[in-house]
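Structure at a glance
If you want the building blocks of each chain, they are given just below.
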Amino acid sequence: MTTTRHTIRRWLSTALAGLALAGPAAAKMPVVEIEIRDHLFFPAEIVIPANTKVKLLVRNLDPTPEEFESYELNREKVISGNSQAVIFIGPLPPGEYPFFGEFYPKTAQGVVRVE
Amino acid sequence: MLLTSVILVLQETLEAALLFSILAVITLRSGGRPRAWLPAGLLLGGALAFVYALNLRRISESFDYVGQELTNAALQLAMTVAIVALVAWLGRAGPWNTVAAQRDRTVFNGLCVLVIALAITREGSEVLVFLSGFFTGAGALRAVLLGSGVGFGIGVSVGFLLFYGLLALDREGRWRSLPLVLLALFSGNMLAQAALQLIQADWLQAGPALWDTSAWLPEQSIVGRLSYALIGYESNPSVAEVVAYLAGAAAVPLAYAAGRRSRR
């Protein structure tokens, strides 16, 4: 019982700390642009700073829809043909976070490098 | 394109199919008939999915380009609320099998229609948008339709498997609360997904990832995808998602208890 209560308390404090840390720091959020052309991402590799929230601006220049998806980033968003989408990612610890186009996964592959 | 469409449509079908089977078992258990809500839910969901898919661009561009996330979060939040209300009704209606026909089932059936329709709206619209890309004469249409059919078929089969499995367990008198437990997990899953959409829209702070089991059970594996559809498995969830999941899941037994207390 005590250990359960202890775990719950630790979880709660982690949650509160997380909420407090991620507070109102959105003033100068970096924006990274990605284009989709012929079912490919340009650039296929983007580099973003660690522990920083970043705004991804994804422009789909193909006439066909695409879905930006990443298991590592926990992101998923349908983007209509000839339109653009905004996806917020991070703050993230350093590492590699692959993403792909779920509608054309054979060609639409990319990675976010966090350093 | 064949395999891509199998996986994509299977993924979208699975979640809805599993939800159908859980609701169908609960309906039968409580003396009702799934036929009373299934056709209406399918029709309403199909129509809403069509409307959503047609207006996707406009919806996506609204609210500073996070309209899609807000719409999805609203759909998932509404699903959680409807599931909780449904369970409260069950709690109030009385013990299993004695609910029978004397009670008014309009509320129950209406809530089932709503839950099913909302599930189809989100998953169905994604499939429709995917398919729309191939109706422009790109050439792969036949492979895509075949793949989608196969994916849909597998998803529905898994749903039936769960349905008959749960029903068999129920008839044997074992694990009789399993459908309600699954419904609680589904409710948690929906609220966690709603939280994730709000995080993606930068309307909610995620907090750090609480754990990482991607090496142990990758989300893209078959078991990982099945677990995602059934219990909302995610290999590296954030604090906000876990809190939302626990709240959504806990709401189900609480609603049942509250319904039970209000019984006369």
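Reading the values: the criteria
- For every chain, the first residue of its written sequence is number 1, and the numbers climb from 1 along that sequence.
- As a convention, the first chain written is A and the first ligand written is 1, with the rest following in written order.
- Since the coordinates come from a predicted model, pLDDT governs what is reported: local features require at least 70, and pairs of side-chain atoms require 80 or more to be given and counted, while whole-chain, interface and lining totals use all residues.
- By definition, a nonpolar core groups buried Ala, Val, Leu, Ile, Met, Phe, Trp, Tyr and Cys residues that are joined through C-beta atoms within 7 Å.
- Every C-beta atom is placed from the backbone, and the number of other C-beta atoms within 10 Å of a residue's own sets its class: buried at 20 or more, exposed at 12 or fewer, partly exposed in between.
- In this description a helix means any DSSP run of H or I spanning at least four residues, a strand means any run of E spanning at least two, and both kinds are numbered starting from the N terminus.
- What counts as a contact here is a pair of residues whose C-beta atoms, placed from the backbone, lie within 7 Å.
- Every axis in this analysis is a line fitted to C-alpha atoms, fitted for helices over the stretch in contact. Angles between the N-to-C directions lie between 0 and 180 degrees.
- The sense of a crossing depends on the near helix, which, turned anticlockwise from the far helix by less than a right angle, makes the crossing left-handed and, turned clockwise, makes it right-handed.
- Here the term charged refers only to Asp, Glu, Lys and Arg, the term nonpolar to Ala, Val, Leu, Ile, Met, Phe, Trp, Tyr, Cys and Pro, and the term polar to all other amino acids, Gly among them.
- DSSP-based pairing: two strands are paired if at least 2 bridges between them are found.
- Working rule for angles: under 35 degrees goes down as roughly parallel, over 145 as roughly antiparallel, 65 to 115 as roughly perpendicular, anything else as oblique.
- Multiplying 1.5 Å by the helix residue count minus one yields the expected span of that helix.
- In this scheme, the bend at a residue equals the angle between the axes fitted to the seven residues that finish there and the seven that begin there.

Residues and elements named next belong to chain B. Core analysis: the biggest nonpolar cluster contains 103 residues, and Ile83, Leu86, Val87, Val115, Leu183, Ala195 and Val252 have the highest contact counts within it. It is helix H1 (residues 2–29) that provides the largest number of residues to this core, a total of 15 residues. Dropping the residues within four chain positions of it, Ile83 is found in contact with Val115, Leu183, Phe186, Ser187 and Val252.

Turning our attention to the packing of helix H7 (residues 178–200) of chain B against helix H9 (residues 239–261) of chain B. Geometrically, a packed helix pair is captured by the angle between its two axes and the distance between the axes. All names here are of chain B. Where H7 contacts H9, the axes come no closer than 7 Å and their chain directions differ by 145°. The two elements H7 and H9 meet at a crossing, and its hand is right-handed. Within the contact of H7 with H9, the residues separate by chemical class into 20 nonpolar, four polar and one charged.

Attention now moves to the interface of chain B and chain A. Across the boundary between the two partners, chain B contributes 28 residues, which contact 23 residues of chain A. Among the residues making up the side of chain B that touches chain A, the classes are represented as twelve nonpolar, eleven polar and five charged.

A few words now on the sheet that holds strand E8 (residues 95–101) of chain A. Residue and element names in this part refer to chain A. Taking strand neighbours across the sheet as the criterion, the five strands line up as E3-E9-E8-E5-E6 in an open arrangement whose pairing is mixed. With partners counted over all chains shown, the strands left at the sheet margins are strand E3 (45–48) and strand E6 (75–79), one partner each. Within the sheet, the average angular offset between the axes of one strand and its neighbour, ignoring direction, is 20°. Sheet topology note: the E3/strand E9 (residues 109–114) ladder contains four bridges and is parallel. If you follow Glu45 over to E9, its bridge partner there is Val111.

The subject of this paragraph is the packing of helix H4 (residues 67–93) of chain B against helix H5 (residues 106–132) of chain B. All names here are of chain B. At a closest axis distance of 9 Å, the pairing of H4 and H5 adopts a crossing angle of 155°. What the angle tells us is that H4 and H5 run roughly antiparallel. Judged by the twist between their axes, the crossing of H4 over H5 is left-handed. Contacts between H4 and H5 involve Asn72, Leu75, Ala78, Met79, Ala82, Ile83, Ala85, Leu86 and Trp89 from the former and Val107, Phe108, Leu111, Cys112, Leu114, Val115, Leu118, Ala119, Thr121 and Arg122 from the latter.

Residue and element names in this part refer to chain A. Relative to strand E4 (residues 54–60), strand E1 (residues 31–37) runs parallel, the two being bridged by six bridges. Bridging across to E4, Val31 finds its partner in Lys55. Note that E1 and strand E2 (residues 40–42) share three bridges and pair antiparallel. The partner of Ile36 across the bridge, within E2, is Phe41. Hairpin remark: E1 followed by E2, antiparallel, with two residues in the connecting loop; positive phi at Asp38, about 50°.

Take the sheet that holds E2 of chain A next. Residues and elements named next belong to chain A. Taken in spatial order, the four strands of this open sheet run E2-E1-E4-E7, and their pairing is mixed. Two strands bound the open sheet, and with one partner strand each, they are E2 and strand E7 (83–89). Each strand of the sheet is rotated relative to its neighbour by a mean of 25°, with strand direction disregarded. As defined by bridge partners, E4 adjoins E7 across seven bridges and the pair is classed as antiparallel. Within E7, the residue paired with Val54 across the bridge is Ile89.

Our focus in this paragraph is H5 of chain B. Residues and elements named next belong to chain B. The end-to-end C-alpha distance of H5, which contains 27 residues, comes to 37 Å, matching closely the 39 Å that a straight helix rising 1.5 Å per residue would cover. The axis of H5 is deflected most strongly, by about 25°, at Thr121. Most of H5 sits out of view: 21 of its 27 residues are buried.

All right, on to helix H3 (residues 56–65) of chain B then. For H3 of chain B, every residue scored as buried is listed here: Leu56, Arg57, Ile59 and Ser60 of chain B. Contact partners of the buried residues in H3 of chain B: E6 and E7 of chain A together with helix H2 (38–54), H4 and H5 of chain B.

A few words on unusual backbone geometry. Across the junction of Phe42 of chain A and Pro43 of chain A, the peptide omega takes the value -10°, indicating a cis bond. Inspection of the secondary structure assignment puts Pro43 of chain A in the loop between E2 and E3. Note that the residue after Gly90 of chain A, namely Pro91 of chain A, is joined by a cis bond; omega there is 0°. If you trace the backbone, Pro91 of chain A turns up in the loop between E7 and E8. Although it is not a glycine, Asp38 of chain A sits at a positive phi angle of roughly 50°. Relative to the assigned elements, Asp38 of chain A resides in the loop between E1 and E2. On the basis of neighbour count, Asp38 of chain A is assigned to the exposed category, with 10 C-beta atoms found within 10 Å. At Asp202 of chain B, a residue that is not glycine, the phi angle is positive and equals roughly 65°. By the element assignment, Asp202 of chain B lies in the loop between H7 and helix H8 (222–231).

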